[in-house]
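Listed below, chain by chain, are the residues.
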Amino acid sequence: MEYDELIRSFAKKHGLDGMEILDGTAALDVDGMRIAFLHDEDSNSLVLLGEIGLPPPGADGRFNELLMQANYLFRGSDGATFTQNPETKVFALMRSLTLTLLDASSLAEAVQSFANTLERWRRVLADFRPPSEPPGDAPASAGEFIPFGASGFISV
């Protein structure tokens, strides 16, 4: 399905009358989170993009590390990847979907999954506090938030 046709079909199916496509970009607000739909013509894909936010002061490196570990085998990103806007330094979640494999229903499922993952990471960021001690080999204290358990899944 072509990008414009897919977005129009998705919007019609879900009663999103105000969803417009401008220069290959559309957007949707889900529970107060803005999710952008971008058309990547080179790869014939639709890219979902949502902002996670800025890390708290002093936590940039530790939060970067957490995101990079979550990217490993997509264990904490549900098939999406993390990125950082080079201009604003805002962290974001991004997922590329092949257009030829999508219809309005499969796009809706992908958007729901993406929104759930984005919401979890926004919560992780909101609750994130860098440790008061420099990182080392010592085990985490009882009060330190560890988002991944032994299973590799994010704790909520």
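Details of the structure are given in the entry above.
The numbers attached to residues start from 1 for each chain and follow its sequence in the written order. Residues qualify for local features only when their pLDDT is at least 70, as the model is predicted, and side-chain atom pairs are given and counted only at 80 or more; totals for whole chains, interfaces and linings, by contrast, use all residues. With hydrogens and water stripped out, all remaining heavy atoms of the structure feed into the side-chain values.

Colleague: Can you explain the side chain of T117? Please cite residues and give values.
Modeller: Structurally, T117 is set in helix α3 (residues 104–127). Note on contacts: a residue pair is in contact if any heavy atoms of the two residues lie within 4.5 Å. Ignoring sequence-local partners within four residues, the contact set of T117 consists of G76, S77, D78 and L93. Per the convention used, a helix needs a DSSP run of H or I reaching at least four residues, while a strand needs a run of E reaching at least two, with both numbered from the N terminus.

Colleague: Any details on the pattern of salt bridges? Residues and values, ideally.
Modeller: Salt bridge, as applied in this entry: a Lys or Arg side-chain nitrogen positioned within 4 Å of an Asp or Glu carboxyl oxygen. Within this structure, the stated rule accounts for 2 salt bridges. Between R34 and D29 there is a salt bridge, and its shortest N-O distance comes to 3.5 Å. There is no split in this pair, since R34 and D29 are both exposed. In this structure, R62 and E65 form a salt bridge, with 3.8 Å as the shortest nitrogen-oxygen distance. Residue R62 and its partner E65 are both found in helix α2 (residues 60–71); the two are separated by 3 residues, about one turn of the helix. Owing to a relative accessible area of 25%, R62 belongs among the partly exposed residues under this scheme. Partly exposed residues are those whose accessible area sits between 20% and 50% of the maximum for their type, while under 20% is buried and over 50% is exposed, using a 1.4 Å probe and protein chains only. Judged by its relative accessible area of 39%, E65 is partly exposed.

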